[in-house]
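# Fold and geometry: a report
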Amino acid sequence: DPGSHSTIFTYRGGGDWRGIENLEAYVEFYFQNGRNNGTGPGTIDVGAYAFQVGGEYTFTGSLKPWVGINFTTFSGDRHAVPNGKASMFNSYSGLHDLLILEDMYYGFDWDTNYRALKVSGGISLTAARENDLRLSLIVGLTRSAEPVRFAFETTRKLGNEIDLKADWEMTKQFVLRLGVGYLFGSEILEDSMGGPGAPDP
């Protein structure tokens, strides 16, 4: 709404537990409240939340294999036009686990109205120095927290993504990163780009 102004407060908390050797578990949560004062009649109350919980275990051995699991949620709005309340989480999210859906530079940077279960793992190899080459694989099962409405369809299917990444630490100051990602089953992105009736670009 041009001419409007918003006041939003964000409250954050969390914890990181390492009570068992080679195991790290974490939880992080956010709450938002505030108000948007528009140029039209009435105001919109803001009430939103986000959280993530997960863990990572590193095995012993020269390859330092590890596995991890993460569940992330960002709240979304139930209504396309706010009816006195906005529940969409507002942020400049720093999530970048998934190359296509989450990356803020090369992906879609989807960081609100979002739920994702991510399972990952990797190993460390030796290229020029010990354990300087890290290979990882991540699988993300995602959907929107609230339905996304289009002209002829309402869906929560944001899609599933598989990424393969390689990080080569050539020096302490320079890391070469390569990655390839594959996203499938995303009705939301398909409909955003024109729907099934439009030809693929």
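The following paragraphs examine the structure supplied in this document. What you see is a predicted model, and the numbers here were worked out from it, not measured in a lab. (Residues numbered from 1 in each chain as written. Predicted model: local features only at pLDDT ≥ 70, side-chain atom pairs only at ≥ 80, totals over all residues. Heavy atoms only, no water.)

Here we take up the pairing of strand β3 (residues 43-58). Taken residue by residue, a regular strand's side chains alternate between the two faces of the sheet. In this structure, strand β2 (residues 23-37) lies alongside β3, joined through 15 bridges in antiparallel fashion. Within β3, the residue paired with Asn37 across the bridge is Thr43. Where β3 lies against strand β5 (residues 85-86), two bridges are found, and the strand directions are parallel. Directly across from Asp45, in β5, lies its bridge partner Lys85. Relative to strand β4 (residues 66-74), β3 runs antiparallel, the two being bridged by nine bridges. Residue pairing in the sheet places Phe51 in a bridge with Thr73 of β4. (Pairing = 2+ DSSP bridges. Helix = DSSP H or I, 4+ residues; strand = E, 2+ residues; numbered from the N terminus.)

On to the packing of aromatic side chains, then. Ring pairs (aromatic) are described by centroid distance and by the angle formed between their planes. Evaluated as defined, the whole model comprises eight aromatic pairs. Ring geometry for Phe51 and Phe71: centres 5.9 Å apart, planes at 50°, overall tilted. Taken as a pair, Phe51 in strand β3 and Phe71 in strand β4 lie far apart in primary sequence, 20 residues in all. Since its relative accessible area comes to 30%, Phe51 is described here as partly exposed. Given the relative accessible area of 31%, Phe71 is considered partly exposed. Judged by centre distance (4.9 Å) and plane angle (80°), the rings of Tyr57 and Phe59 are edge-to-face. Judged by relative accessible area, which is 31%, Tyr57 ranks as partly exposed. (Phe/Tyr/Trp six-rings, centres within 6.5 Å; stacked < 30°, edge-to-face > 60°. Buried < 20%, exposed > 50% of the residue type's maximum accessible area, 1.4 Å probe, protein only.)

Now for unusual backbone geometry. The backbone of Asn22 sits at a positive phi, close to 75°, despite the residue not being glycine. Note on placement: Asn22 falls in the loop between β1 (5-20) and β2. Here Asn22 falls in the partly exposed class, since its relative accessible area comes to 32%. For Asn131, which is not glycine, the phi dihedral falls at a positive 55°. You can see Asn131 is positioned in the loop between β6 (114-125) and β7 (133-143).

This paragraph deals with the side chain of Asp132. Of note, Asp132 is situated in the loop between β6 and β7. With no salt bridge to any partner, buried Asp132 finds its closest opposite charge in Arg129, at an N-O distance of 4.9 Å. Within the structure, Asp132 has its side chain in polar contact with the backbone nitrogen of Ala127 (distance 2.7 Å). A polar side-chain atom of Asp132 sits 2.9 Å from the main-chain amide nitrogen of Arg129. Discounting residues that sit within four places of it in the chain, Asp132 has contacts with Leu125, Thr126, Ala127, Asp167, Trp168 and Glu169. (Lys, Arg positive; Asp, Glu negative; His and termini not counted. Salt bridge = Lys/Arg side-chain N within 4 Å of Asp/Glu carboxyl O. Polar contact = N/O pair within 3.5 Å; in protein donor to acceptor, adjacent residues only side chain to side chain. Contact = heavy atoms within 4.5 Å.)

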